[in-house]
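# Descriptive structure summary
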Amino acid sequence: MKKIGVLTSGGDAPGMNAAIRAVVRAALGRGAEVVGFLHGYEGLIGDEAVPLDSMKVGGIITHGGTILRTGRSKHFMTKEGREQALCTLQDHEIEGLVVIGGDGSLKGALTLHEDFGFPVMGVPASIDNDISGTDYSVGFDTAVNTAIEAIDRVRDTAYSHERVFVIEVMGRRNGFIALEAGLAGGAESILIPEVPYSLLDMCTSLRTAAERGKKSSIIIVAEGAARASDIKVFIERNTGFEARYLVLGHMQRGGTPTAFDRVLGLRLGAFAANRLLSGFRGEMAGVDGNGLVAHPLGYALSTQRMVDPEKLLLAEVMAQ
Ligand code: F6P
């Protein structure tokens with residue numbers, strides 16, 4: 001392979017730039033050229049190509065977001081859109097493509113591979129951490145740390161005013177951010193979509209805690225489980241306690257990537273580029289413990305990633 005393409009797609013995730021840098025420099029090191037496409041699959045369809053050399057990816061490792069921009073392309077979901085994307089790749093004589101993104105973006109890569117046999121490699125990057133076949137997706141660690149910083153700040157005011165605070169975090173249909181941030185932030189209750197919960201039981205726990213002298217509490221709710229505003233109203237109606245709510249929203253997606261996400265992005269990006277150049281295709285790079293692994297994209301995308309039951313149990317014990 002003499003030339004490969006790279007794009008970022010779906011929700012941006014801190015550490016994506018490290019992955020782009022690694023794809024480019026690993027490929028250049030093996031004598032291959034790299035072309036980036038702006039705005040995800042939309043830029044592949046519309047031929048928004050930018051040649052990437054070592055200088056172009058210099059100084060980006062510290063930045064959140066993605067220098068290639070990103071997007072969610074409806075057009076690429078159609079066969080016609082994918083045919084157009086293939087034409088662009090062929091016009092540029094690109095022989096393989098690295099896609100950096102979440103599950104929807106990696107599904108797009110798999111479809112390109114299945115439709116036309118085009119060589120693709122996936123790098124899991126999503127703050128949601130909901131992709132199977134890897135212990136961590138690029139961006140998750142930074143998002144959790146951002147959420148924890150917010151939780152710590154809110155705890156100060158919750159304590160001072162003796163209030164209950166409900167903090168909603170992202171995660172789409174999953175509770176990985178909520179569980180991790182809730183544990184690390186010492187939340188009194190963590191509500192996630194994967195596990196049934198009772199708001200009445202939660203209110204009972206708040207009352208019991210207040211009787212013990214604990215007058216302020218933090219409830220973390222995953223966006224896929226409930227709306228923080230609804231939980232706040234429920235708590236006030238059922239306990240009489242004063243409550244406030246906060247939706248952290250997109251601030252969880254931005255900011256300087258943590259060291260963990262930078263190194264993860266670098267390792268996965270370089271691994272994906274190297275495997276592509278070595279003739280592997282249709283795979284997703286992942287991390288398993290301390291080592292790197294590659295799984296068929298089809299396997300990674302058809303398996304549901306589950307929250308760690310041990311962490312859930314720990315959260316329950318810690319909330320007592
Ligand atoms: O997948 C990343 C994510 O931030 C989810 O946590 C969230 O549900 C979604 O993207 C928000 O998407 P958008 O930026 O399109 O509002």
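Below you will find a few notes about this structure. Everything numeric here is computed off the predicted structure, so don't read it as measured data. (Residues numbered from 1 in each chain as written. Predicted model: local features only at pLDDT ≥ 70, side-chain atom pairs only at ≥ 80, totals over all residues. Heavy atoms only, no water.)

### Quick notes on the sheet that holds strand β6 (residues 164-169)
What counts here: Note: two strands are recorded as paired if DSSP finds a minimum of 2 bridges between them. Only DSSP runs of H or I reaching four residues or more are called helices, and only runs of E reaching two or more are called strands; each is numbered from the N terminus. To get an axis, fit a line to the C-alpha atoms, keeping to the stretch in contact for a helix; angles then go from 0 to 180 degrees between the N-to-C directions. The criterion used for residue contact is that any of the two residues' heavy atoms lie within 4.5 Å.
With parallel pairing, four strands are arranged side by side in an open sheet as β7-β8-β6-β9. The open sheet has two edge strands, β7 (189-191) and β9 (243-247), and neither has a second partner. Strand-to-strand twist across the sheet, computed as the mean angle between neighbouring axes with direction ignored, equals 20°. Bridging between β6 and strand β8 (residues 217-222) involves six bridges; their strand directions are parallel. Considered in β8, the bridge of Val169 is made with Ala222. Against the sheet, helix α6 (residues 176-184) engages β6, β7 and β8, with an angle of about 175° to β7. Across the sheet, helix α8 (residues 228-239) is in contact with β6, β7, β8 and β9; its angle to β9 comes to roughly 170°.

### What to know about the sheet that holds strand β5 (residues 120-124)
The seven strands are arranged β3-β2-β1-β4-β5-β10-β11 in an open sheet whose pairing can be described as mixed. This sheet does not close on itself; its edge strands, each paired only once, are β3 (49-52) and β11 (291-296). Adjacent strand axes in the sheet meet at a mean angle of 30° when their direction is disregarded. With four bridges joining them, strand β2 (residues 33-37) and β3 adopt antiparallel strand pairing. Following the sheet pairing, Val34 is matched in β3 by Leu52. In the packing of helix α1 (residues 16-29) onto the sheet, the strands contacted are β1 (3-9), β2, β3, β4 (96-101) and β5, and the crossing angle to β1 comes to about 180°.

### Observations regarding the nonpolar core
Generally speaking, a soluble globular protein has its nonpolar side chains buried in company with each other. Going by this rule: We define a nonpolar core as any set of buried Ala, Val, Leu, Ile, Met, Phe, Trp, Tyr and Cys residues linked to one another through side-chain atoms lying within 4.5 Å. Residue exposure (1.4 Å probe, protein chains only): buried if accessible area is under 20% of the type maximum, exposed if over 50%, otherwise partly exposed. Delimitation of the domains relies on an automatic or database domain assignment.
One finds Ile4, Val98, Ile100 and Ile235 to be the most contacted residues of the largest nonpolar core, which totals 74 residues. The dominant element in this core, judged by the number of residues it contributes, is helix α5 (residues 140-161), at nine residues. Mapping this core onto the domain boundaries places at least three of its residues in each of domain 1 (3-139 + 257-302) and domain 2 (142-254). With near-sequence residues (within four places) excluded, Ile4 lies in contact with Val23, Ala27, Glu33, Val34, Val35, Ile94, Gly96, Val98, Ala273, Leu276 and Leu277.

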